[in-house]
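Each chain, letter by letter, is given below.
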Amino acid sequence: MIVMKFGGTSVGSKDSIANIATLIKSRLDKKPLVITSAHSGITNMLIEAADNALKGNPDITKIENRQLGLMKDLGVDESLVRELLDNLKELLNGICMIEELSPKTFDLVQSFGERMSCRVLAAAMQKAGIKAEAKDAFDLGLRTDSKHGQATPDEESYHEIARQVRTIDADVIITTGFIAKSAVDGNITTLGRGGSDFSATIFGAALDADEVEIWTDVNGVMTADPGICKNAKSIPQLSFAEASELAWYGAKVLHPSTILPAVKKDIPVRVLNTMEPENPGTVIVASPEQTDIAKSVVYKEDLLLVNINSSRMLLSHGFMAKVFSIFENYNIVINMIATSEVTISLTTAMSIEDLKPAIDELNEFSTVEVRDRHAIICLVGQGMSGVKGTAAKMFNALSSSGVNIEMISQGAGEINIAALVKNDDIETATKVLHQEFFE
Ligand code: ASP
Ligand code: MG
């Protein structure tokens, strides 16, 4: 069997949904399980609606217009989602009344997008003559921890999904991406923005799929952000390790955790374009044939650079442990780190407000300076391992175009080289590195 995951734009209009019906039909012999995102725009509208409700304005008009408008185009009756929309309305009223939006409630609000699109997609597929059945992912056994907004699947889920799916008699099961339920308390959780990709490989691993297809609106993973580099090309093959690096360092086409379940069961992940289904896109496998020095240049923007200075304590026993236990206590994810004789420099995607309590604690034994609007620009490719001069080429290109590098990092694995620059330099840096390595 295979897993086919469709992103928001792929389920965003009558035409794209008609397109999907053709794609699913062409693969019926492979027994596809379909994972869907919310229709494009809906998740953002839900987030906005939650914020507005908190500010005293609970209103679902915009969501209703988008959702029901699309259903009307498809000829799907609105009764299919009426109860969900009524629940959402009540929930927003509740947020407004108690003036509180906890991570748990916020996840619940966001879950409505996929719960609606999954039902609508199944109805549309039935109209197209496919025996499809809609099921919420949590009703197929997907359970997570209770880390709302960024939940991780429970090991048990893999067995439970396999068991549940076997009991369903349909040509195609259509299920929700992005959402699950906590194994701890049964509340709805989300896997983080873009999390449907992660759902796809979780289901793929649980069902021992032959392949996971991620259907999106670009021709696979690109050599650079095509919005910046007009000459960006799609990459035919990536290794699991390269794809993970690219996703963590900002390639927006894949959720960062997508690759983990695929690695576990060695399942190829193919990134394809709904608008151009003949295009081979990118296939992600354990050992690709293609081993260019660099595969892609990516960036992660809006980071804080944190400098921790403690001339008294640095490199003394336990200093690092002390610093990192503080970050651990506040759930702060660090993306890049460098140490010198007297400072530890690191970057995080957190906001200054969320970082504040950790900084207060660090200030008790060191001096902390925080600078905002930084970006990691990262060159990824397994082929650079053992090849002399890649770093020199990268840094020369950056400096000759006037980009100031504030931190650098290359792991011993030599699969990526990363440099910290200012947000404002992202465009110049991406262009010059793309030119240097790919044009
Ligand atoms: N609908 C969710 C989002 O917009 C999840 C996804 O599309 O993958 O982030
Ligand atoms: Mg996505």
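Values in this document were obtained by computation on a predicted structure and should not be read as measured data.

### Quick notes on the pairing of strand β5 (residues 172-176)
A large share of β5 lies buried, amounting to 5 of its 5 residues. The sheet contact formed by strand β2 (residues 32-36) and β5 spans 4 bridges and is parallel. Bridge pairing links Thr-36 to Thr-176 in β5. Looking at chain direction, strand β3 (residues 132-135) and β5 are connected through 4 bridges and run parallel.

### Considerations on the site of ligand 1
Surrounding ligand 1, one finds Ser-37, Ala-38, Thr-43, Glu-114, Phe-178, Arg-193, Gly-194, Gly-195 and Ser-196. A distance of 2.8 Å separates a nitrogen atom of ligand 1 from a polar atom in the side chain of Thr-43. Gly-195 is positioned with one of its backbone polar atoms (N or O) 3.4 Å from an oxygen atom of ligand 1. Residues that form the shell around ligand 1 fall into these classes: 2 nonpolar, 5 polar and 2 charged.

### Details of the layout of surface pockets
Estimates place the volume of the second largest pocket at around 240 Å³. Lys-31, Pro-32, Ala-170, Asp-171 and Ile-173 are the residues nearest the centre of the second largest pocket, which is lined by 13 residues in total. Counting only elements with at least two residues in the lining of the second largest pocket, the list comes to β2 and β5. Tallied by class, residues from the lining of the second largest pocket come to 10 nonpolar, no polar and 3 charged.

### Describing the nonpolar core
Ranked by internal contacts, the top residues of the largest apolar core, which has 53 residues, are Ile-161, Phe-203, Ile-284 and Ile-376. The element that contributes the greatest number of residues to this core is helix α7 (residues 196-206), accounting for 6 residues. Here Ile-161 is in contact with Leu-140, Gly-141, Leu-142, Ile-202, Phe-203, Ala-206 and Leu-207, once residues within four sequence places are set aside.

### Observations concerning empty space enclosed by the protein
Where empty space is left becomes clear once a probe the size of a water molecule has been rolled over the atoms. Per the counting criterion, the structure on display carries 1 cavity of 30 Å³ or more. Taken together, Val-221, Leu-238, Ala-243, Leu-246, Ala-247, Ala-251, Val-253 and Leu-254 form the lining of the largest cavity. Of the residues forming the lining of the largest cavity, the biggest block, 3 residues, is contributed by helix α8 (residues 240-248). Its residues placed into classes, the lining of the largest cavity shows 8 nonpolar, no polar and no charged.

### Overview of the sheet that holds strand β4 (residues 143-144)
Sheet strands pair via backbone hydrogen bonds, and the direction of the pair is either parallel or antiparallel. The strand order across the open sheet built from 3 strands is β4-β6-β7, with neighbouring strands paired in mixed fashion. The sheet is open, and its two edges are formed by β4 and β7 (188-190), each paired on a single side. Here helix α5 (residues 103-127) sits on the sheet in contact with β6 (179-182) and β7, set at roughly 80° to β7.

Parameters and conventions
- Residues numbered from 1 in each chain as written.
- Chains lettered and ligands numbered in written order.
- Predicted model: local features only at pLDDT ≥ 70, side-chain atom pairs only at ≥ 80, totals over all residues.
- Heavy atoms only, no water.
- Buried < 20%, exposed > 50% of the residue type's maximum accessible area, 1.4 Å probe, protein only.
- Helix = DSSP H or I, 4+ residues; strand = E, 2+ residues; numbered from the N terminus.
- Pairing = 2+ DSSP bridges.
- Near = heavy atom within 4 Å.
- Polar contact = N/O pair within 3.5 Å; in protein donor to acceptor, adjacent residues only side chain to side chain.
- Nonpolar A, V, L, I, M, F, W, Y, C, P; charged D, E, K, R; others polar.
- 1 Å grid on protein atoms, 1.4 Å probe; cavity = no way out; pocket = protein on both sides within 12 Å on 5 of 7 lines; lining within 4 Å.
- Points joined across faces, edges and corners; volume = space filled by probe spheres on them.
- Core = buried A, V, L, I, M, F, W, Y, C linked by side-chain atoms within 4.5 Å.
- Contact = heavy atoms within 4.5 Å.
- Axes fitted to C-alpha atoms, helices over the stretch in contact; angles between N-to-C directions.

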